[in-house]
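Residue-level listing of the chains:
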Amino acid sequence: QLKKLDQAVSAAHTFFVANPQHLQMREDIEKYQRMSGVKSDNFRDLEATPHWEAYEAGVQHYNADEYLQAVARLEESLTEALSALEECRALCEGPWEDEDEEEEEMQPGLYEAIAAHYIQVLKCRQQCVLEIATKPGRISATEDFIPSHLDLLQFAYSQVGNQTLAAECAASYLLFYPTDELMLEKMRQYRTELGEDTAVTARQNIEHYVQRSLMEKKLIYYAVEHLGGTFNDPDLWTPDELIPENLKEKHREDQEKQKQETLDVEEREKRGPLPFEGIAVTMDSRQMNGTQRVVFDRVLTESECKDLLRLTKAAGEAGDGYRARRSPHTPHERFEGLTVLKAMQLAQNGDVDWRDAKLFLQASEKSRKIIESYFTPGKKLHFSFTHLVCRTAVDEEQEGRMDLSHPVHADNCLLDPEGQECWREPPAYVYRDYSGILYLNDDFQGGGLFFTEMDTVTVTAEVHPKCGRLVAFSSGKENPHGVWAVSRGRRCAIALWYTHSREHAEQERVKAEELMKQRAVEQDRPDGERQGADHSSRSSTEPPIPSGGARPTSRRQKSGSDRMQHPKELRARDEF
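Residues numbered from 1 in each chain as written. Predicted model: local features only at pLDDT ≥ 70, side-chain atom pairs only at ≥ 80, totals over all residues. Heavy atoms only, no water.

By the naming in an unreviewed UniProt entry, the protein chain is procollagen-proline 3-dioxygenase, taken from Herpetotheres cachinnans. Looking at the Sequence similarities (unreviewed entry) heading of the UniProt record, one finds this comment for the protein chain: "Belongs to the leprecan family." (UniProt positions renumbered as here; feature names shortened; annotations may be inferred.)

Set out below in C-alpha coordinates:
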(Lines give C-alpha, C1' and ligand atoms only; values in the text may rest on other atoms or scores of the structure.)
Protein backbone atom coordinates (compact mmCIF):
# COMPACT_ATOMS: atom_id res chain seq x y z
CA GLN A 1 0.00 0.00 0.00
CA LEU A 2 2.98 2.33 0.49
CA LYS A 3 4.12 1.55 -3.09
CA LYS A 4 7.38 0.03 -1.79
CA LEU A 5 7.17 -2.92 -4.12
CA ASP A 6 10.65 -4.35 -3.53
CA GLN A 7 10.06 -4.56 0.22
CA ALA A 8 6.58 -6.01 -0.29
CA VAL A 9 7.96 -8.75 -2.54
CA SER A 10 10.78 -9.70 -0.17
CA ALA A 11 8.36 -9.76 2.81
CA ALA A 12 5.89 -11.93 0.89
CA HIS A 13 8.67 -14.27 -0.27
CA THR A 14 10.01 -14.59 3.30
CA PHE A 15 6.59 -15.56 4.62
CA PHE A 16 5.95 -17.94 1.72
CA VAL A 17 9.25 -19.80 2.24
CA ALA A 18 8.15 -20.64 5.79
CA ASN A 19 4.49 -21.24 4.82
CA PRO A 20 4.54 -22.82 1.35
CA GLN A 21 0.89 -23.91 1.49
CA HIS A 22 -0.56 -20.50 2.33
CA LEU A 23 -2.92 -19.98 -0.61
CA GLN A 24 -3.33 -16.22 -0.35
CA MET A 25 0.41 -15.71 -0.22
CA ARG A 26 0.86 -18.08 -3.16
CA GLU A 27 -1.52 -15.89 -5.17
CA ASP A 28 0.33 -12.75 -4.08
CA ILE A 29 3.68 -14.24 -5.14
CA GLU A 30 2.26 -15.17 -8.56
CA LYS A 31 0.88 -11.64 -8.90
CA TYR A 32 4.28 -10.12 -8.10
CA GLN A 33 5.98 -12.41 -10.60
CA ARG A 34 3.73 -11.02 -13.35
CA MET A 35 4.46 -7.39 -12.46
CA SER A 36 6.86 -5.61 -14.82
CA GLY A 37 8.48 -3.53 -12.05
CA VAL A 38 9.51 -6.55 -9.98
CA LYS A 39 13.03 -7.97 -10.35
CA SER A 40 14.09 -11.51 -9.57
CA ASP A 41 16.46 -10.16 -6.91
CA ASN A 42 13.46 -8.85 -4.98
CA PHE A 43 12.44 -12.43 -4.14
CA ARG A 44 14.83 -12.84 -1.22
CA ASP A 45 14.35 -14.46 2.15
CA LEU A 46 14.86 -11.81 4.81
CA GLU A 47 15.20 -14.44 7.54
CA ALA A 48 17.64 -16.67 5.68
CA THR A 49 20.81 -17.59 7.56
CA PRO A 50 24.09 -17.88 5.62
CA HIS A 51 24.51 -21.60 6.22
CA TRP A 52 20.95 -22.44 5.17
CA GLU A 53 21.17 -20.34 2.02
CA ALA A 54 24.41 -22.08 1.08
CA TYR A 55 23.09 -25.53 2.06
CA GLU A 56 19.94 -25.32 -0.06
CA ALA A 57 21.90 -23.95 -3.02
CA GLY A 58 24.44 -26.77 -2.60
CA VAL A 59 21.73 -29.43 -2.49
CA GLN A 60 20.12 -28.00 -5.63
CA HIS A 61 23.44 -28.14 -7.49
CA TYR A 62 24.03 -31.67 -6.13
CA ASN A 63 20.63 -32.88 -7.34
CA ALA A 64 21.31 -31.31 -10.74
CA ASP A 65 24.66 -33.19 -11.00
CA GLU A 66 26.50 -29.86 -10.88
CA TYR A 67 29.13 -31.15 -8.50
CA LEU A 68 31.71 -28.36 -8.75
CA GLN A 69 29.14 -25.78 -7.72
CA ALA A 70 27.73 -28.17 -5.11
CA VAL A 71 31.15 -28.60 -3.48
CA ALA A 72 31.65 -24.84 -3.19
CA ARG A 73 28.26 -24.15 -1.63
CA LEU A 74 28.28 -27.17 0.69
CA GLU A 75 31.75 -26.27 1.98
CA GLU A 76 30.48 -22.73 2.57
CA SER A 77 27.43 -24.10 4.38
CA LEU A 78 29.52 -26.38 6.61
CA THR A 79 31.85 -23.52 7.56
CA GLU A 80 28.96 -21.16 8.30
CA ALA A 81 27.06 -23.86 10.22
CA LEU A 82 30.02 -24.57 12.52
CA SER A 83 30.47 -20.83 13.04
CA ALA A 84 26.77 -20.45 13.93
CA LEU A 85 27.15 -23.39 16.30
CA GLU A 86 29.94 -21.62 18.20
CA GLU A 87 27.83 -18.46 18.50
CA CYS A 88 24.91 -20.48 19.86
CA ARG A 89 27.17 -22.25 22.37
CA ALA A 90 28.53 -18.92 23.60
CA LEU A 91 25.00 -17.70 24.29
CA CYS A 92 24.43 -20.68 26.60
CA GLU A 93 26.70 -19.03 29.17
CA GLY A 94 24.77 -16.94 31.67
CA PRO A 95 22.93 -16.89 34.98
CA TRP A 96 21.18 -19.96 36.35
CA GLU A 97 17.61 -20.36 35.13
CA ASP A 98 15.19 -22.13 37.45
CA GLU A 99 13.66 -24.90 35.37
CA ASP A 100 11.57 -26.38 38.14
CA GLU A 101 10.85 -25.35 41.72
CA GLU A 102 10.94 -28.98 42.87
CA GLU A 103 14.45 -29.39 41.46
CA GLU A 104 15.53 -26.32 43.41
CA GLU A 105 14.27 -27.89 46.64
CA MET A 106 16.12 -31.14 45.82
CA GLN A 107 19.43 -29.30 45.22
CA PRO A 108 19.81 -26.76 48.06
CA GLY A 109 23.58 -27.16 48.54
CA LEU A 110 26.29 -25.02 46.97
CA TYR A 111 28.03 -27.84 45.10
CA GLU A 112 24.75 -29.28 43.85
CA ALA A 113 23.71 -25.82 42.61
CA ILE A 114 27.03 -25.35 40.79
CA ALA A 115 26.72 -28.78 39.22
CA ALA A 116 23.13 -28.12 38.15
CA HIS A 117 24.14 -24.77 36.63
CA TYR A 118 27.01 -26.31 34.70
CA ILE A 119 24.89 -29.21 33.46
CA GLN A 120 22.27 -26.70 32.31
CA VAL A 121 24.93 -24.96 30.21
CA LEU A 122 26.10 -28.29 28.76
CA LYS A 123 22.55 -29.32 27.82
CA CYS A 124 22.04 -25.95 26.16
CA ARG A 125 25.24 -26.38 24.16
CA GLN A 126 24.15 -29.84 23.04
CA GLN A 127 20.85 -28.46 21.76
CA CYS A 128 22.67 -25.91 19.58
CA VAL A 129 23.01 -28.48 16.81
CA LEU A 130 19.19 -28.52 16.58
CA GLU A 131 19.19 -24.73 16.46
CA ILE A 132 21.43 -24.56 13.40
CA ALA A 133 19.72 -27.57 11.78
CA THR A 134 16.29 -25.92 11.89
CA LYS A 135 15.40 -23.94 8.80
CA PRO A 136 14.09 -20.41 9.56
CA GLY A 137 10.32 -20.53 9.83
CA ARG A 138 10.30 -24.21 10.84
CA ILE A 139 10.14 -25.85 14.25
CA SER A 140 11.58 -29.23 13.22
CA ALA A 141 15.30 -29.80 12.73
CA THR A 142 16.93 -31.64 9.84
CA GLU A 143 18.39 -34.91 11.12
CA ASP A 144 22.17 -35.45 10.99
CA PHE A 145 22.75 -31.95 9.63
CA ILE A 146 26.54 -31.92 10.07
CA PRO A 147 27.17 -35.56 9.02
CA SER A 148 24.94 -35.11 5.96
CA HIS A 149 27.23 -32.34 4.70
CA LEU A 150 30.18 -34.72 4.83
CA ASP A 151 28.26 -37.48 3.08
CA LEU A 152 27.24 -35.16 0.23
CA LEU A 153 30.72 -33.70 -0.01
CA GLN A 154 32.54 -37.04 -0.23
CA PHE A 155 30.38 -38.09 -3.17
CA ALA A 156 30.59 -34.69 -4.91
CA TYR A 157 34.40 -34.61 -4.55
CA SER A 158 34.64 -38.13 -5.98
CA GLN A 159 32.55 -37.05 -8.98
CA VAL A 160 34.87 -34.14 -9.76
CA GLY A 161 37.93 -36.37 -9.44
CA ASN A 162 39.31 -35.11 -6.12
CA GLN A 163 39.71 -38.43 -4.35
CA THR A 164 41.93 -36.95 -1.62
CA LEU A 165 39.20 -34.62 -0.33
CA ALA A 166 36.55 -37.29 -0.94
CA ALA A 167 38.49 -39.66 1.33
CA GLU A 168 38.94 -36.90 3.92
CA CYS A 169 35.18 -36.28 4.03
CA ALA A 170 34.48 -40.02 4.24
CA ALA A 171 36.91 -40.36 7.15
CA SER A 172 35.23 -37.41 8.84
CA TYR A 173 31.80 -38.98 8.36
CA LEU A 174 33.04 -42.22 9.97
CA LEU A 175 33.76 -40.28 13.17
CA PHE A 176 29.98 -40.08 13.57
CA TYR A 177 29.12 -43.55 12.27
CA PRO A 178 32.28 -45.72 12.51
CA THR A 179 30.48 -48.94 11.53
CA ASP A 180 28.64 -47.60 8.47
CA GLU A 181 29.23 -50.36 5.91
CA LEU A 182 28.66 -48.24 2.81
CA MET A 183 31.08 -45.56 3.93
CA LEU A 184 33.66 -48.13 5.01
CA GLU A 185 33.47 -49.67 1.54
CA LYS A 186 33.98 -46.25 -0.03
CA MET A 187 36.98 -45.66 2.23
CA ARG A 188 38.52 -48.93 1.00
CA GLN A 189 37.99 -47.77 -2.59
CA TYR A 190 39.56 -44.38 -1.90
CA ARG A 191 42.59 -46.00 -0.22
CA THR A 192 43.04 -48.30 -3.20
CA GLU A 193 42.85 -45.38 -5.64
CA LEU A 194 45.18 -43.14 -3.59
CA GLY A 195 47.60 -45.90 -2.64
CA GLU A 196 47.94 -47.65 0.67
CA ASP A 197 50.88 -45.44 1.64
CA THR A 198 48.80 -42.27 1.43
CA ALA A 199 47.61 -41.13 4.85
CA VAL A 200 43.89 -40.42 5.02
CA THR A 201 42.77 -38.47 8.06
CA ALA A 202 39.55 -36.85 9.15
CA ARG A 203 39.19 -33.08 9.24
CA GLN A 204 40.63 -31.58 12.39
CA ASN A 205 37.63 -29.31 13.06
CA ILE A 206 35.21 -32.24 12.71
CA GLU A 207 37.35 -34.40 14.99
CA HIS A 208 37.32 -31.61 17.58
CA TYR A 209 33.53 -31.24 17.18
CA VAL A 210 32.90 -34.95 17.76
CA GLN A 211 35.31 -35.31 20.70
CA ARG A 212 33.90 -32.24 22.46
CA SER A 213 30.33 -33.37 21.93
CA LEU A 214 31.07 -36.86 23.28
CA MET A 215 32.79 -35.42 26.36
CA GLU A 216 29.77 -33.21 27.08
CA LYS A 217 27.35 -36.09 26.57
CA LYS A 218 29.36 -38.23 29.00
CA LEU A 219 29.17 -35.54 31.69
CA ILE A 220 25.46 -34.96 31.12
CA TYR A 221 24.58 -38.67 31.25
CA TYR A 222 26.62 -39.04 34.45
CA ALA A 223 24.70 -36.13 35.99
CA VAL A 224 21.34 -37.53 34.90
CA GLU A 225 22.22 -40.93 36.32
CA HIS A 226 23.44 -39.65 39.73
CA LEU A 227 21.71 -36.29 40.21
CA GLY A 228 18.44 -36.88 38.40
CA GLY A 229 16.82 -34.91 35.59
CA THR A 230 16.42 -35.72 31.92
CA PHE A 231 18.38 -35.26 28.71
CA ASN A 232 16.96 -35.30 25.20
CA ASP A 233 19.98 -36.26 23.13
CA PRO A 234 19.79 -34.31 19.85
CA ASP A 235 22.05 -36.68 17.92
CA LEU A 236 21.31 -40.01 16.29
CA TRP A 237 25.01 -40.94 16.20
CA THR A 238 25.60 -41.05 20.00
CA PRO A 239 27.40 -44.36 20.77
CA ASP A 240 25.32 -46.81 22.73
CA GLU A 241 28.16 -47.52 25.17
CA LEU A 242 28.17 -43.88 26.25
CA ILE A 243 24.69 -44.19 27.74
CA PRO A 244 24.43 -45.60 31.31
CA GLU A 245 22.76 -49.00 31.53
CA ASN A 246 19.79 -47.75 33.55
CA LEU A 247 19.10 -45.04 30.91
CA LYS A 248 19.50 -47.27 27.89
CA GLU A 249 15.94 -48.58 28.06
CA LYS A 250 14.51 -45.10 27.65
CA HIS A 251 17.02 -44.39 24.91
CA ARG A 252 15.91 -47.55 23.11
CA GLU A 253 12.27 -46.50 23.48
CA ASP A 254 13.07 -43.14 21.90
CA GLN A 255 14.87 -44.86 19.05
CA GLU A 256 11.97 -47.26 18.53
CA LYS A 257 9.61 -44.32 18.36
CA GLN A 258 11.74 -42.82 15.61
CA LYS A 259 11.89 -46.12 13.76
CA GLN A 260 8.11 -46.40 13.95
CA GLU A 261 7.81 -43.45 11.60
CA THR A 262 9.91 -45.22 8.98
CA LEU A 263 8.53 -48.74 9.16
CA ASP A 264 9.82 -51.38 6.82
CA VAL A 265 7.94 -51.20 3.52
CA GLU A 266 7.19 -54.92 3.49
CA GLU A 267 5.62 -54.74 6.94
CA ARG A 268 3.59 -51.66 6.05
CA GLU A 269 2.25 -53.24 2.91
CA LYS A 270 0.53 -56.14 4.71
CA ARG A 271 -3.14 -55.81 3.85
CA GLY A 272 -6.39 -56.89 5.48
CA PRO A 273 -9.42 -58.40 3.68
CA LEU A 274 -12.06 -56.23 2.04
CA PRO A 275 -15.32 -56.02 4.02
CA PHE A 276 -17.67 -55.88 1.00
CA GLU A 277 -18.19 -58.20 -1.96
CA GLY A 278 -17.82 -56.96 -5.52
CA ILE A 279 -15.11 -54.40 -4.78
CA ALA A 280 -11.95 -54.79 -6.83
CA VAL A 281 -8.39 -53.63 -6.10
CA THR A 282 -7.45 -52.10 -9.46
CA MET A 283 -3.98 -50.82 -8.49
CA ASP A 284 -1.88 -51.45 -5.40
CA SER A 285 1.20 -49.68 -4.05
CA ARG A 286 3.60 -51.60 -6.29
CA GLN A 287 1.66 -50.76 -9.43
CA MET A 288 1.49 -47.12 -8.31
CA ASN A 289 5.25 -46.91 -7.71
CA GLY A 290 4.92 -45.95 -4.05
CA THR A 291 3.85 -47.07 -0.61
CA GLN A 292 0.50 -46.95 1.18
CA ARG A 293 -1.47 -46.30 -2.02
CA VAL A 294 -4.39 -48.22 -3.51
CA VAL A 295 -7.25 -47.83 -6.00
CA PHE A 296 -10.59 -49.64 -5.49
CA ASP A 297 -13.36 -49.90 -8.10
CA ARG A 298 -17.11 -50.60 -7.87
CA VAL A 299 -17.48 -48.97 -4.45
CA LEU A 300 -20.64 -47.22 -5.77
CA THR A 301 -23.13 -48.14 -8.49
CA GLU A 302 -23.98 -45.87 -11.42
CA SER A 303 -27.35 -45.19 -9.80
CA GLU A 304 -25.76 -44.18 -6.50
CA CYS A 305 -23.35 -41.85 -8.31
CA LYS A 306 -26.30 -40.17 -10.05
CA ASP A 307 -28.11 -39.68 -6.74
CA LEU A 308 -25.05 -38.10 -5.17
CA LEU A 309 -24.53 -35.87 -8.22
CA ARG A 310 -28.09 -34.68 -7.72
CA LEU A 311 -27.07 -33.71 -4.20
CA THR A 312 -24.16 -31.66 -5.57
CA LYS A 313 -26.65 -29.26 -7.15
CA ALA A 314 -27.44 -28.15 -3.60
CA ALA A 315 -23.73 -27.54 -3.09
CA GLY A 316 -23.75 -25.28 -6.14
CA GLU A 317 -26.68 -23.30 -4.78
CA ALA A 318 -25.66 -23.20 -1.11
CA GLY A 319 -21.90 -22.98 -1.59
CA ASP A 320 -19.34 -24.21 0.89
CA GLY A 321 -16.05 -23.15 -0.58
CA TYR A 322 -12.99 -21.57 0.88
CA ARG A 323 -14.22 -18.74 3.11
CA ALA A 324 -17.17 -18.33 0.71
CA ARG A 325 -14.74 -17.91 -2.22
CA ARG A 326 -15.84 -19.59 -5.42
CA SER A 327 -12.29 -20.10 -6.71
CA PRO A 328 -10.03 -20.77 -3.71
CA HIS A 329 -7.40 -22.82 -5.53
CA THR A 330 -7.34 -21.35 -9.04
CA PRO A 331 -9.26 -18.58 -10.84
CA HIS A 332 -9.80 -20.98 -13.74
CA GLU A 333 -12.25 -23.18 -11.81
CA ARG A 334 -15.31 -22.69 -9.65
CA PHE A 335 -15.30 -24.63 -6.39
CA GLU A 336 -18.41 -26.00 -4.63
CA GLY A 337 -18.59 -28.15 -1.53
CA LEU A 338 -21.06 -29.71 0.87
CA THR A 339 -20.36 -31.08 4.35
CA VAL A 340 -22.33 -33.98 5.82
CA LEU A 341 -23.94 -31.69 8.40
CA LYS A 342 -25.02 -29.13 5.82
CA ALA A 343 -26.46 -31.93 3.67
CA MET A 344 -28.58 -33.10 6.62
CA GLN A 345 -29.69 -29.55 7.41
CA LEU A 346 -30.71 -29.01 3.79
CA ALA A 347 -32.66 -32.27 3.91
CA GLN A 348 -34.35 -31.19 7.14
CA ASN A 349 -35.38 -27.93 5.48
CA GLY A 350 -36.77 -29.83 2.50
CA ASP A 351 -34.15 -28.46 0.06
CA VAL A 352 -32.76 -31.89 -0.83
CA ASP A 353 -34.03 -35.44 -0.69
CA TRP A 354 -33.41 -37.21 2.65
CA ARG A 355 -32.39 -40.35 0.75
CA ASP A 356 -29.59 -38.49 -1.06
CA ALA A 357 -28.29 -37.00 2.18
CA LYS A 358 -28.42 -40.42 3.82
CA LEU A 359 -26.53 -41.93 0.85
CA PHE A 360 -23.81 -39.31 1.38
CA LEU A 361 -23.36 -40.58 4.95
CA GLN A 362 -23.50 -44.23 3.90
CA ALA A 363 -21.05 -43.88 0.99
CA SER A 364 -18.47 -42.13 3.16
CA GLU A 365 -18.88 -44.72 5.94
CA LYS A 366 -18.50 -47.55 3.43
CA SER A 367 -15.26 -45.94 2.21
CA ARG A 368 -14.03 -45.65 5.79
CA LYS A 369 -14.61 -49.35 6.45
CA ILE A 370 -12.81 -50.33 3.24
CA ILE A 371 -9.77 -48.15 4.00
CA GLU A 372 -9.65 -49.21 7.65
CA SER A 373 -9.86 -52.89 6.76
CA TYR A 374 -7.24 -52.63 4.02
CA PHE A 375 -4.65 -50.40 5.68
CA THR A 376 -5.19 -50.74 9.43
CA PRO A 377 -7.08 -53.94 10.24
CA GLY A 378 -7.96 -54.00 13.92
CA LYS A 379 -7.11 -50.34 14.45
CA LYS A 380 -10.00 -47.88 14.44
CA LEU A 381 -10.05 -45.05 11.91
CA HIS A 382 -12.16 -41.99 12.73
CA PHE A 383 -13.44 -39.44 10.25
CA SER A 384 -11.40 -36.25 10.36
CA PHE A 385 -13.33 -34.40 7.65
CA THR A 386 -15.80 -35.32 4.90
CA HIS A 387 -16.54 -33.06 1.94
CA LEU A 388 -18.61 -33.52 -1.20
CA VAL A 389 -16.64 -31.41 -3.67
CA CYS A 390 -17.17 -30.24 -7.24
CA ARG A 391 -14.78 -28.29 -9.46
CA THR A 392 -16.14 -26.69 -12.61
CA ALA A 393 -13.98 -25.31 -15.41
CA VAL A 394 -14.67 -21.63 -16.11
CA ASP A 395 -14.88 -21.68 -19.92
CA GLU A 396 -13.66 -18.16 -20.53
CA GLU A 397 -10.61 -18.71 -18.25
CA GLN A 398 -9.05 -21.76 -19.92
CA GLU A 399 -7.00 -20.17 -22.72
CA GLY A 400 -3.28 -20.28 -21.97
CA ARG A 401 -3.86 -21.96 -18.63
CA MET A 402 -0.72 -23.38 -16.99
CA ASP A 403 -1.72 -24.07 -13.37
CA LEU A 404 -3.10 -27.12 -11.56
CA SER A 405 -6.55 -27.64 -10.13
CA HIS A 406 -4.78 -28.26 -6.83
CA PRO A 407 -1.03 -27.78 -6.27
CA VAL A 408 1.08 -30.72 -5.08
CA HIS A 409 0.93 -31.15 -1.31
CA ALA A 410 0.86 -33.74 1.47
CA ASP A 411 -2.10 -34.01 3.81
CA ASN A 412 -0.45 -34.01 7.26
CA CYS A 413 2.80 -32.10 6.73
CA LEU A 414 4.16 -29.01 5.00
CA LEU A 415 5.93 -30.06 1.83
CA ASP A 416 9.34 -28.46 1.26
CA PRO A 417 10.52 -29.60 -2.21
CA GLU A 418 13.83 -27.72 -2.10
CA GLY A 419 14.81 -29.21 1.24
CA GLN A 420 13.33 -32.61 0.30
CA GLU A 421 11.43 -32.57 3.60
CA CYS A 422 7.85 -32.56 4.77
CA TRP A 423 7.48 -30.79 8.11
CA ARG A 424 4.83 -32.38 10.31
CA GLU A 425 3.93 -29.26 12.25
CA PRO A 426 1.11 -26.67 12.28
CA PRO A 427 -0.56 -25.30 10.23
CA ALA A 428 -0.56 -28.75 8.62
CA TYR A 429 -3.24 -31.20 9.76
CA VAL A 430 -0.70 -33.28 11.65
CA TYR A 431 -3.35 -35.63 13.08
CA ARG A 432 -4.46 -36.96 9.69
CA ASP A 433 -3.39 -40.54 9.02
CA TYR A 434 -5.18 -41.62 5.82
CA SER A 435 -6.90 -39.88 2.93
CA GLY A 436 -9.40 -40.97 0.32
CA ILE A 437 -11.24 -39.72 -2.76
CA LEU A 438 -14.46 -41.35 -3.92
CA TYR A 439 -15.20 -40.25 -7.49
CA LEU A 440 -18.73 -39.72 -8.80
CA ASN A 441 -18.27 -39.01 -12.52
CA ASP A 442 -15.89 -38.89 -15.46
CA ASP A 443 -17.74 -36.66 -17.97
CA PHE A 444 -15.17 -33.87 -17.82
CA GLN A 445 -11.71 -33.14 -19.15
CA GLY A 446 -8.59 -33.24 -16.96
CA GLY A 447 -8.98 -33.40 -13.17
CA GLY A 448 -6.98 -36.59 -12.62
CA LEU A 449 -5.10 -37.25 -9.40
CA PHE A 450 -1.33 -37.70 -9.56
CA PHE A 451 1.39 -38.63 -7.09
CA THR A 452 4.93 -37.25 -7.16
CA GLU A 453 8.31 -37.63 -5.55
CA MET A 454 9.24 -35.17 -2.80
CA ASP A 455 10.43 -32.76 -5.50
CA THR A 456 6.73 -32.23 -6.51
CA VAL A 457 7.60 -32.52 -10.22
CA THR A 458 8.51 -36.17 -10.77
CA VAL A 459 5.16 -37.90 -11.33
CA THR A 460 5.12 -41.49 -10.07
CA ALA A 461 1.46 -42.46 -10.63
CA GLU A 462 -1.80 -41.13 -12.05
CA VAL A 463 -5.41 -42.02 -11.32
CA HIS A 464 -8.25 -41.23 -13.72
CA PRO A 465 -11.62 -40.55 -12.04
CA LYS A 466 -14.73 -42.56 -12.75
CA CYS A 467 -17.94 -43.39 -10.90
CA GLY A 468 -17.40 -45.59 -7.86
CA ARG A 469 -13.58 -45.42 -7.91
CA LEU A 470 -11.99 -44.92 -4.49
CA VAL A 471 -8.36 -43.84 -4.17
CA ALA A 472 -6.84 -44.24 -0.69
CA PHE A 473 -3.39 -43.47 0.66
CA SER A 474 -1.53 -42.55 3.82
CA SER A 475 -1.49 -38.82 4.49
CA GLY A 476 2.25 -38.33 5.07
CA LYS A 477 5.33 -37.30 3.14
CA GLU A 478 5.43 -40.62 1.27
CA ASN A 479 2.41 -39.50 -0.79
CA PRO A 480 2.72 -35.98 -2.21
CA HIS A 481 -0.16 -35.50 -4.65
CA GLY A 482 -1.97 -32.93 -6.75
CA VAL A 483 -4.85 -32.60 -9.21
CA TRP A 484 -4.47 -31.81 -12.91
CA ALA A 485 -6.46 -28.83 -14.18
CA VAL A 486 -10.13 -29.37 -14.97
CA SER A 487 -10.24 -27.82 -18.44
CA ARG A 488 -13.83 -28.68 -19.35
CA GLY A 489 -16.92 -29.78 -17.45
CA ARG A 490 -17.58 -30.47 -13.78
CA ARG A 491 -15.65 -32.96 -11.63
CA CYS A 492 -17.32 -34.23 -8.44
CA ALA A 493 -16.00 -36.46 -5.67
CA ILE A 494 -16.24 -37.10 -1.94
CA ALA A 495 -13.00 -36.05 -0.27
CA LEU A 496 -12.25 -38.02 2.91
CA TRP A 497 -9.68 -37.74 5.66
CA TYR A 498 -9.22 -40.12 8.60
CA THR A 499 -7.36 -40.13 11.88
CA HIS A 500 -6.50 -42.66 14.57
CA SER A 501 -6.95 -39.89 17.14
CA ARG A 502 -10.42 -39.93 18.69
CA GLU A 503 -10.01 -36.37 19.93
CA HIS A 504 -9.73 -35.14 16.34
CA ALA A 505 -12.81 -37.02 15.13
CA GLU A 506 -15.19 -35.00 12.95
CA GLN A 507 -17.80 -33.38 15.20
CA GLU A 508 -20.02 -32.26 12.31
CA ARG A 509 -20.47 -35.89 11.38
CA VAL A 510 -21.70 -36.71 14.90
CA LYS A 511 -24.32 -33.96 14.58
CA ALA A 512 -25.29 -35.15 11.12
CA GLU A 513 -25.81 -38.70 12.35
CA GLU A 514 -27.96 -37.38 15.19
CA LEU A 515 -30.19 -35.57 12.68
CA MET A 516 -30.41 -38.77 10.67
CA LYS A 517 -31.50 -40.71 13.77
CA GLN A 518 -34.11 -38.07 14.57
CA ARG A 519 -35.46 -38.44 11.05
CA ALA A 520 -35.65 -42.23 11.46
CA VAL A 521 -37.57 -41.83 14.73
CA GLU A 522 -40.04 -39.46 13.06
CA GLN A 523 -40.53 -41.91 10.20
CA ASP A 524 -41.46 -44.63 12.72
CA ARG A 525 -44.19 -42.48 14.33
CA PRO A 526 -47.87 -42.85 13.39
CA ASP A 527 -48.98 -40.53 10.58
CA GLY A 528 -50.88 -38.17 12.89
CA GLU A 529 -47.97 -37.64 15.24
CA ARG A 530 -45.59 -37.22 12.34
CA GLN A 531 -47.77 -34.53 10.72
CA GLY A 532 -47.99 -32.69 14.03
CA ALA A 533 -44.24 -32.83 14.44
CA ASP A 534 -43.74 -31.63 10.87
CA HIS A 535 -46.19 -28.77 11.46
CA SER A 536 -44.52 -27.70 14.72
CA SER A 537 -41.09 -27.74 13.10
CA ARG A 538 -42.36 -25.25 10.53
CA SER A 539 -44.35 -23.01 12.88
CA SER A 540 -44.33 -19.27 12.26
CA THR A 541 -42.67 -18.58 15.60
CA GLU A 542 -39.60 -20.73 14.86
CA PRO A 543 -37.37 -20.05 11.86
CA PRO A 544 -36.19 -23.03 9.83
CA ILE A 545 -32.84 -24.56 10.72
CA PRO A 546 -30.20 -22.65 8.75
CA SER A 547 -28.54 -24.45 5.91
CA GLY A 548 -25.17 -22.88 6.73
CA GLY A 549 -22.72 -25.29 8.38
CA ALA A 550 -22.14 -25.23 12.12
CA ARG A 551 -18.40 -25.01 11.57
CA PRO A 552 -16.81 -22.91 14.32
CA THR A 553 -14.49 -20.13 13.22
CA SER A 554 -11.12 -19.64 14.81
CA ARG A 555 -8.83 -16.74 15.28
CA ARG A 556 -6.62 -16.49 12.23
CA GLN A 557 -2.89 -15.90 12.29
CA LYS A 558 -2.44 -13.07 9.83
CA SER A 559 0.25 -12.16 7.37
CA GLY A 560 -0.06 -8.46 6.65
CA SER A 561 -3.79 -8.05 6.26
CA ASP A 562 -4.45 -11.74 5.79
CA ARG A 563 -2.38 -14.07 7.98
CA MET A 564 -2.35 -17.82 8.20
CA GLN A 565 -5.59 -19.39 9.34
CA HIS A 566 -6.12 -21.84 12.12
CA PRO A 567 -6.09 -25.38 10.66
CA LYS A 568 -9.84 -25.79 11.20
CA GLU A 569 -10.45 -22.95 8.72
CA LEU A 570 -8.16 -24.38 6.07
CA ARG A 571 -10.30 -27.38 5.19
CA ALA A 572 -11.02 -26.40 1.64
CA ARG A 573 -7.39 -25.85 0.75
CA ASP A 574 -6.72 -29.59 0.87
CA GLU A 575 -9.70 -30.64 -1.24
CA PHE A 576 -8.71 -33.17 -3.87
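After that view of the structure, there is still more to cover.
Peer 1: Requested: an account of the overall build of the protein chain, with residues and values cited.
Peer 2: For the protein chain, the count of helices and strands is 17 helices and 14 strands. Relative to its 576 residues, the protein chain shows a buried fraction of 47%. For the protein chain, contacts bridging at least 24 residues in sequence account for 72% of all contacts bridging at least 6. For the protein chain, the exposed area adds up to about 29800 Å²; of that, 49% sits on carbon and sulfur atoms. (Helix = DSSP H or I, 4+ residues; strand = E, 2+ residues; numbered from the N terminus. Buried < 20%, exposed > 50% of the residue type's maximum accessible area, 1.4 Å probe, protein only. Contact = heavy atoms within 4.5 Å. Areas by Shrake-Rupley, 256 points an atom, 1.4 Å probe, with all protein chains shown as cover.)

Peer 1: Tell me about the state of the cysteines, residues and numbers included.
Peer 2: Applying the stated criterion across every chain yields a total of 5 disulfides. The disulfide that involves cysteine 88 links it to cysteine 128, with 2.1 Å between the sulfurs. On the S-S bond that ties cysteine 88 to cysteine 128, the torsion sits near -85°, and the link is left-handed. Here cysteine 88 is found in helix α4 (residues 67-91), whereas its partner cysteine 128 is found in helix α6 (residues 110-132), with 40 residues between them in sequence. Here the two residues cysteine 88 and cysteine 128 agree in accessibility, since each one is buried. Across a sulfur-sulfur distance of 2.0 Å, cysteine 413 and cysteine 422 are joined as a disulfide pair. Its S-S torsion of about 90° marks the bond between cysteine 413 and cysteine 422 as right-handed, since a negative value means left-handed. For the pair formed by cysteine 413 and cysteine 422, the shared burial category is buried. Sequential numbering of the bridged cysteines in the protein chain gives the disulfide pattern 1-4, 2-3, 5-9, 6-10, 7-8. (Disulfide = S-S within 2.5 Å.)

Peer 1: Which residues make up the pattern of salt bridges, and what are the values?
Peer 2: Scanning all chains against the criterion turns up 21 salt bridges. The partner of glutamate 75 in a salt bridge is arginine 203, and the shortest N-O contact between them spans 2.6 Å. With glutamate 75 in helix α4 and arginine 203 in the loop between α9 (181-194) and α10 (204-227), this pair connects stretches of sequence that are 128 residues apart. For the pair glutamate 75 and arginine 203, a shared accessibility class is recorded, and that class is buried. A salt bridge links glutamate 372 to arginine 368; its shortest N-O distance comes to 2.9 Å. In this pair, glutamate 372 and arginine 368 both sit in helix α15 (residues 354-375), 4 residues apart, roughly one turn of the helix. Like glutamate 372, the residue arginine 368 is buried in the burial classification. (Salt bridge = Lys/Arg side-chain N within 4 Å of Asp/Glu carboxyl O.)

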